[in-house]
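A closer look at the structure
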Amino acid sequence: MSVLNNKIGKGYVLLSTYICVAVTLLIFIVLFSNSYDALHQVGLNLFTLEWNPSSNKFGVLSMLYGTITVTFIALIIATPLGISAAIFTSQMTSSKGRILIKSTLELLASIPSIIYGLIGIAFFSTWVASIFDLSTGRTLFTAGILLSFMILPTIITLCDDALHNIPKHYSEASKGLGMYPYEIIKNVLLPIASRDIAGAILLALGRALGETMAVMLLIGSIDKIPDPFYNILSPGQTITSKLGREIGESAFGSLHFSALNTIGCLLMVLVIIITITTQVHFKKERLYE
Amino acid sequence: MKHLLLLCVFAILVSSCSNSSSNTKTITIAGSSTVLPIISNAAELYKETHPDIKIIVNAGGSGVGVNQVGSQKVNIGMISRDITSKEKGLYPSILFKTQAIGKDAVIPAISSEIYDAGITTLTLEQIAKIYKGEITNWSALQGPNKDILVIDKEKSRGTRHVFMATVMNNKEADAPGADLVLGSNNEEQTALVQSDAAIGMLSMAWLNNDVKGTSIQTPNGEPVAPTLSNIIEGKFPITRDLTIVTNGNPTGEVKNFIDFLLSPQGQSIVTDNGYVSIK
Amino acid sequence: MNRKNINSIFKIGIWSAVTICFGILFFLITVLVVKGIQAISFDFLFTSSKNFGAEGGIMYQIIGSIILVITVIVLSAPVSIGVAIYKSEYIKSSFVQNMTDTLIYTLNGIPSIIYGIFGLIFFVNILNTGISWFVGAIILAIMILPTIILSTYQSINSIPNAFRENANALGLNKWQVITSVLLPRALNGAFTGSLIGLARAIGETAPIMFIATAFSGVTIPERIQEPISTLPTHILALAQQATNPQALQNAWGASLVLITLVFLLSISALVRRIQFSKLNY
């Protein structure tokens with residue numbers, strides 16, 4: 001009886017794993033096979049500027065540009081703020097304070113993205129429009145700001161973990177040498193934690209790349225690269241926003257649908273590479289024993 | 001705790017399975033955001049007299065309406081334009097049957113600040129130039145010195161097809177001068193309100209104090225205002241039927257609902273929402 | 001500039017950054033609470049929505065979100081626990097270990113809208129299920145598999161090998177060891193992981209907006225193949241009418257309700273993790 005149970009138990013466990021594997025493979029197969037049409041017929045023309053489904057033009061460059069720009073803005077804002085806050089929580093607060101702050105941050109990291117979108121539409125788009133005297137507040141910049149809010153808790157928590165896990169004897173030895181806190185952090189702690197901090201930033205990058213709802217509402221959804229290209233105060237388009245808006249409209253099985261699929265796959269592969277890199281990264285041996 | 005959860009789900013699943021031969025008939029509808037208010041309100045009213053019918057309504061735009069009827073996912077599609085030949089070609093086995101339930105006009109809508117500053121009439125040519133990007137500042141039209149915020153719509157939206165067909169003679173024309181691309185009439189109205197120098201294409205039911213419709217100056221010089229009487233008489237150049245489309249002739253409960261839409265009660269919903277009835 | 005001054009500037013910099021950070025986070029919460037409270041009333045919570053959501057309440061959205069989330073857990077937890085046990089107890093080679101890890105991290109990394117597209121292609125089109133709340137639950141369940149797997153795995157992994165060896169020495173076979181020694185802790189970890197996963201799933205819009213939800217006319221789904229209405233998709237519809245004050249207010253109200261549910265789930269998970277981290281062996 002218990003032998004039978006053993007077999008059933010093993011069967012259950014294997015079945016679960018097979019389901020997991022099958023589902024993952026299924027996702028890849030379904031998405032890649034639906035991209036085949038577009039890759040075959042449009043091919044390298046995917047990397048042009050014009051997106052016009054009715055004349056079979058599927059250039060995704062403006063979306064790629066938008067995705068990269070918006071993510072870049074988000075990282076530029078969130079990284080310094082995040083690392084500074086992490087320095088604060090790991091070095092300058094008591095352990096009780098640290099737990100309190102970390103718990104709050106975790107809660108905040110769980111705010112759904114649609115709510116960020118709502119706050120962006122209701123407040124930030126009008127603020128950006130009036131501060132910079134623009135005709136519309138739906139810009140790459142606005143989307144970047146909201147994205148930075150979303151990834152900030154992640155960066156703070158992970159960098160704080162990185163700094164906190166450095167054995168105390170490093171900072172104590174440095175204090176013994178008469179170094180100021182600034183010097184300890186800059187010359188001793190940050191370099192040691194740099195790998196983990198880089199990992200944290202990569203993870204935040206992965207999250208920012210895949211974010212749809214807030215960006216879709218705030219970016220203006222216009223398939224153009226701003227002119228000049230560094231003018232982030234103008235509307236643009238990202239891959240996720242394009243997908244969110246047009247998937248429902250394109251007929252299943254059409255070239256349009258396939259093209260949308262392709263850029264979705266592009267994004268997916270990119271984000272997965274980043275995610276796996278960070279996970280492998282975090283497992284590597286630390287610089288100290 | 002876990003037992004309770006399991007029990008709940010079991011109950012839901014059981015009840016959902018046992019209803020496959022139930023009395024409740026469901027009508028699914030999807031499509032144009034212009035037709036949506038009529039259908040939503042009509043559905044609510046219809047349910048009061050037909051409590052066993054469930055009517056599920058979704059937006060998405062005219063393109064979604066056609067796609068969903070074509071792939072047989074909904075019973076009724078809502079469209080505010082004609083079905084393109086390309087779309088018909090995508091669904092060769094579907095017989096699209098259309099039925100107009102109301103009339104609407106697409107108005108070139110501008111922010112009230114611009115309207116109050118004096119620009120109340122535009123020619124079709126001026127509008128075309130704005131959307132092509134050849135006119136970029138309201139001062140070129142004797143208005144205030146502000147950059148025009150050109151609001152465009154997603155390409156498959158019915159409102160856009162109708163607008164572009166009249167303004168640019170090509171229902172799927174590109175608009176190189178566009179600054180924003182939005183979706184439903186709701187979103188467009190929001191963006192127009194948020195800006196003080198915008199132009200967009202709106203269905204007549206969405207005009208309000210912050211979003212004013214311009215009159216269109218026809219080639220023989222007469223500005224035609226977007227008033228109900230002009231639209232009913234057919235004088236306003238950009239009009240369209242609000243249509244529902246089904247796969248083949250509607251039957252059963254679907255037919256009953258459509259008949260309701262065409263009845264005096266249904267048509268009064270059409271006019272209550274700001275459109276023109278079909279009669 | 002001597003070192004002391006640099007240090008002071010540094011401290012000021014850090015404090016400013018921290019103030020900005022926490023200012024932002026404080027702003028977000030305050031806005032939600034202040035604006036949301038104005039919309040909440042008994043009517044709001046318990047009537048159905050009308051007129052694009054600009055009038056009426058959000059009752060069916062709340063019910064829809066809860067139904068979806070319960071189904072998600074029922075679908076996801078058994079599979080996750082199985083995978084976690086497999087990862088912890090049955091894998092011998094490190095190659096398979098790495099592959100499994102890669103698999104889990106891959107699932108974790110897929111953006112939510114890609115899940116939505118997958119659901120659209122596979123379920124709605126290929127399997128022709130139409131818009132179905134159950135399909136939405138399946139997709140969300142797949143999405144949170146990694147979260148529950150990792151949490152369960154962590155609990156199992158924290159049990160020292162000595163326990164397993166003792167059980168083996170007493171003559172129990174593998175599965176009996178698992179059920180008697182590991183499963184209680186595993187279930188704890190799974191429950192905590194579920195709470196975290198659900199907190200994420202209840203707020204997701206992109207995966208379900210094409211495949212499971214409808215805009216109006218939805219009450220409680222009676223069949224598997226019916227759409228459902230949820231809080232996040234409702235907020236999306238309302239956010240697109242942001243200049244209609246009534247719609248905007250309802251959006252804030254719905255957001256506050258959603259955030260409350262999310263926080264309840266997250267806080268429960270947090271409390272459990274702090275409690276269980278105090279357990280020592």
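You'll find the structure just up there.
Our subject in this report is the structure included herewith.

What counts, and where the lines are drawn
- Residues numbered from 1 in each chain as written.
- Chains lettered and ligands numbered in written order.
- Predicted model: local features only at pLDDT ≥ 70, side-chain atom pairs only at ≥ 80, totals over all residues.
- Heavy atoms only, no water.
- Phe/Tyr/Trp six-rings, centres within 6.5 Å; stacked < 30°, edge-to-face > 60°.
- Buried < 20%, exposed > 50% of the residue type's maximum accessible area, 1.4 Å probe, protein only.
- Lys NZ or Arg CZ within 6 Å of the ring centre and 35° of its normal.
- Disulfide = S-S within 2.5 Å.
- Core = buried A, V, L, I, M, F, W, Y, C linked by side-chain atoms within 4.5 Å.
- Helix = DSSP H or I, 4+ residues; strand = E, 2+ residues; numbered from the N terminus.
- Contact = heavy atoms within 4.5 Å.
- Pairing = 2+ DSSP bridges.
- Axes fitted to C-alpha atoms, helices over the stretch in contact; angles between N-to-C directions.

1. Some words on the packing of aromatic side chains
Taken as a whole, this structure holds 23 aromatic pairs over all chains when the rule is applied. Summarising the aromatic geometry, the rings of A:Trp51 and A:Phe58 are spaced 5.2 Å apart at their centres and angled 75 degrees between planes, so their arrangement reads as edge-to-face. For A:Trp51, a relative accessible area of 6% gives the class buried. Put simply, the rings of A:Phe123, A:Phe124, A:Trp127, A:Phe149, C:Phe27 and C:Trp252 touch in pairs and so form one group of aromatic residues. The ring of C:Tyr153 is capped by C:Lys87, whose NZ or CZ atom sits 4.2 Å from the centre of that ring. Here the guanidinium or amino end of C:Lys174 rests over the ring plane of C:Tyr90, the centre of that ring lying 4.7 Å away.

2. What to know about the state of the cysteines
Here, the word disulfide means a covalent bond between the sulfur atoms of two cysteines. Residue and element names in this part refer to chain A. For the structure shown, the criterion picks out 0 disulfides over all chains. Counting only cysteine sulfurs, cysteine 265 is the nearest neighbor of cysteine 20, a cysteine outside any disulfide, at a range of 19 Å. In this structure cysteine 20 comes out as buried when scored by relative accessible area, which is 1%. On the accessibility criterion, cysteine 265 (5% relative accessible area) is buried.

3. Description of the nonpolar core
Grouped together as the largest cluster of nonpolar side chains are 178 residues, with contacts concentrated most on A:Ile27, A:Ile119 and A:Leu243. Tallying contributions element by element places helix α5 (residues 140–164) of chain A first for this core, with 15 residues. For A:Ile27, the contacting residues outside a window of four places in its chain are C:Leu107, C:Ile110, C:Tyr115, C:Phe118 and C:Ile142. Counting residues in hydrophobic clusters, the runner-up holds 74 residues, among them B:Met78, B:Ala128, B:Trp138 and C:Ala237.

4. Details of the sheet that holds strand β10 (residues 215–217) of chain B
All names here are of chain B. Spatially, 3 strands are ordered β5-β10-β11 in an open sheet, and the strand pairing comes out mixed. The sheet is open, and its two edges are formed by β5 (121–123) and β11 (223–224), each paired on a single side. Two elements, β10 and β11, share 2 bridges in a ladder whose sense is antiparallel. Within the sheet, the bridge partner assigned to isoleucine 216 lies in β11 and is valine 224. Packing against the sheet, helix α6 (residues 124–132) makes contact with β5 and β10, and its axis sits at approximately 80 degrees to β5.

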